[in-house]
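Report on the structure
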Amino acid sequence: MPLLRGLARTAAVAGTASVVAGRVRHHQDQKFAQQDAEAAQADPAYAEPAPAAPAPAAPAPDSTADRLDQLKTLGELKQSGVLTEAEFEAQKAKILAG
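Just so it is clear, the model here is predicted, and its values are computed rather than measured. (Residues numbered from 1 in each chain as written. Predicted model: local features only at pLDDT ≥ 70, side-chain atom pairs only at ≥ 80, totals over all residues. Heavy atoms only, no water.)

Topic: the packing of helix α2 (residues 64-79) against helix α3 (residues 85-97)
- α3 packs onto α2 with a crossing angle of 180 degrees between their chain directions and a minimal axis gap of 10 Å. Classed by the angle they form, the pair α2 and α3 counts as roughly antiparallel. Facing α2, whose interface residues are R67, Q70, L71, L74, G75 and K78, α3 presents E85, F88, Q91, K92, I95 and L96. (Axes fitted to C-alpha atoms, helices over the stretch in contact; angles between N-to-C directions. Helix = DSSP H or I, 4+ residues; strand = E, 2+ residues; numbered from the N terminus. Parallel < 35°, antiparallel > 145°, perpendicular 65-115°, else oblique. Contact = heavy atoms within 4.5 Å.)

Given below as structure tokens:
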């Protein structure tokens, strides 16, 4: 049970970090867009580059519940001896990064 609590805490921290990083990125994007607009108004010779083709949509991020289920299953596999410690850590890093 302590392993599950630790995994849940790790997932919560990773999710929070992801949300904060997204907000910071959004804030920076707005700040740079405003600076570009001000530069365009100040310098009439400034030409806005042609917009690039839209980037392909990224797959939707896994929900926290899905990650917790994956981590729980991973912990059970390790506990039963199916996975080694190294395999467990590698798979856990993939789940938390994705």
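Remarks on the packing of aromatic side chains
- Within the structure shown, the criterion is met by zero aromatic pairs.
- Its guanidinium or amino end placed over the ring of F88, K78 lies 5.1 Å from that ring's centre, counting from NZ or CZ. (Phe/Tyr/Trp six-rings, centres within 6.5 Å; stacked < 30°, edge-to-face > 60°. Lys NZ or Arg CZ within 6 Å of the ring centre and 35° of its normal.)

Digging into the nonpolar core
- Grouped together as the largest cluster of nonpolar side chains are eight residues: L7, A11, L71, L74, L83, F88, I95 and L96.
- When contributions to this core are tallied by element, the ones reaching two or more residues are α1 (2-42), α2 and α3.
- Of the residues forming this core, the biggest block, three residues, is contributed by α3.
- Dropping the residues within four chain positions of it, L71 is found in contact with L7, A11, K92, I95 and L96. (Core = buried A, V, L, I, M, F, W, Y, C linked by side-chain atoms within 4.5 Å. Buried < 20%, exposed > 50% of the residue type's maximum accessible area, 1.4 Å probe, protein only.)

Remarks on α2
- In this model α2 runs 22 Å from its N-terminal to its C-terminal C-alpha over 16 residues, within 8% of the 22 Å that 1.5 Å per residue would give.
- Backbone geometry just downstream of α2 places G81 in the positive-phi region, at approximately 95 degrees. (Expected span 1.5 Å × (residues − 1).)

Topic: the confidence of the model for the protein
- Residues with a pLDDT of 70 or more make up 76% of the protein, whose mean pLDDT is 77.
- Taken element by element, the predicted model of the protein shows its lowest mean pLDDT in α1 (76) and its highest in α3 (89). (pLDDT = per-residue confidence, 0-100.)

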